[in-house]
Amino acid sequence: PVPEYKPKLPQDPPAECRVVTLKDSAYAYLEAVKEGKRKLVETGIPDLDYAIGGGMEFGEMMILAARPNHGKSAVALQMMHHMTSQDIPAVMISEEMTATALGKRVVQFATSRPEEHWKGDMGDVLRDVSQHFASRANAIIIESCGTAERACLEIEKAVKEHGVRAVFVDYAQILSGGQKGRSLYENVTEVSKSLRRITTKLNVITILLAQLSRNVEGRESFSPQMRDIKESGQLEQDADVILFGVWPHG
């Protein structure tokens, strides 16, 4: 029988620490650039890719922060669709939206037929959806992890079993740090640290969605700042890239 897979906890130390000089690291990076081995993964949003130097590198974590109902999940799905079209398997840790709700959004993306016509045009819609997935790597949805520890275990399992290279988490403040009696601030801090560790350990790209506080709505310019990310300053410390989503205000 196949032995049950039991991933290590993300806080467990590796069997051996990696030791290298800073000089060797610099030359190794330049060698990768010279030989074209530096892998940048585009998000599928051209202006964003340009702003961050061409895309994200494996091992980086991006925070995508916005107020509720400002399109965080839609942007994350667009990124996932693009990455899987580049043959990069992905996983979505979804604590807010159900798999069925995400599936509906995929159908909306995959077909140009209006939703009110889906039932009557089911054959055409199914063909559109089939074509959408035919040229893409797998995208896995994991619901109701509840805690950051469980989410990290599931991410590690998805990497081992499905070759996942891109991770999406929706969203930071809804996951628990795992210990009772902690404040929301402490919980979000632990969530951020856990996802930062697993991103580095597994060398994956992580897109972590986060809520913004109401403070941004009180400004005339409606311009978010890093301190507007709700509940924990740890998120801005752990992120390599922070992206804000806001509706344009005239």
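Numbers given for residues are sequential positions, taken from 1 along each chain in its written order. Selection of residues for local features in this predicted model requires a pLDDT of at least 70, selection of side-chain atom pairs for listing and counting requires 80 or more, and totals for whole chains, interfaces and linings are taken over all residues. For side-chain calculations, the full set of non-hydrogen atoms in the structure is used, while hydrogens and water are omitted.

1. Re the sheet that holds strand E4 (residues 90–94)
In step 1: If you trace the six strands from one edge of the open sheet to the other, you get E5-E4-E6-E7-E3-E8, paired in parallel fashion. Single-partner strands in this sheet number two, and they are strand E5 (139–143) and strand E8 (241–245). On average, each strand axis in the sheet is inclined to that of its neighbour by 20 degrees, with strand direction left out of account.
In step 2: With five bridges joining them, strand E3 (residues 61–66) and E8 adopt parallel strand pairing. Residue pairing across strands places isoleucine 63 opposite isoleucine 242, the latter belonging to E8. Any two strands are treated as partners once DSSP identifies two or more bridges connecting them. A run of H or I in DSSP becomes a helix once it reaches four residues, and a run of E becomes a strand once it reaches two; helices and strands are each numbered from the N terminus. Every axis in this analysis is a line fitted to C-alpha atoms, fitted for helices over the stretch in contact. Angles between the N-to-C directions lie between 0 and 180 degrees.

2. Quick look at the packing of helix H4 (residues 99–110) against helix H5 (residues 122–134)
In step 1: The interhelical angle for the contact between H4 and H5, taken along N-to-C directions, is 95 degrees, at an axis separation of 9 Å. In terms of their interaxial angle, H4 and H5 are classed as roughly perpendicular. Where H4 abuts H5, its residues Val106, Val107, Phe109 and Ala110 lie against Val125, Asp128, Val129, His132 and Phe133.
In step 2: Residues were grouped as follows: Ala, Val, Leu, Ile, Met, Phe, Trp, Tyr, Cys and Pro as nonpolar; Asp, Glu, Lys and Arg as charged; and all remaining residues, including Gly, as polar. When grouped by side-chain class, the residues that make up the contact of H4 with H5 number seven nonpolar, one polar and one charged. Note on angle classes: values under 35 degrees are labelled roughly parallel, values over 145 roughly antiparallel, values of 65 to 115 roughly perpendicular, and the remainder oblique. In this description, contact between two residues means that some pair of their heavy atoms is separated by no more than 4.5 Å.

3. Some points on helix H6 (residues 148–162)
In step 1: For a helix, the expected span equals 1.5 Å multiplied by the residue count minus one. Spanning 15 residues, H6 covers 20 Å between terminal C-alpha atoms, matching the ideal 21 Å at 1.5 Å per step.
In step 2: If you follow the buried residues of H6, they end up packed against E4, E5, strand E6 (166–170) and helix H7 (184–202).
In step 3: In the stretch just after H6, glycine 163 is the one whose phi turns positive, near 70 degrees.

So yeah, pure geometry; function would need other evidence.
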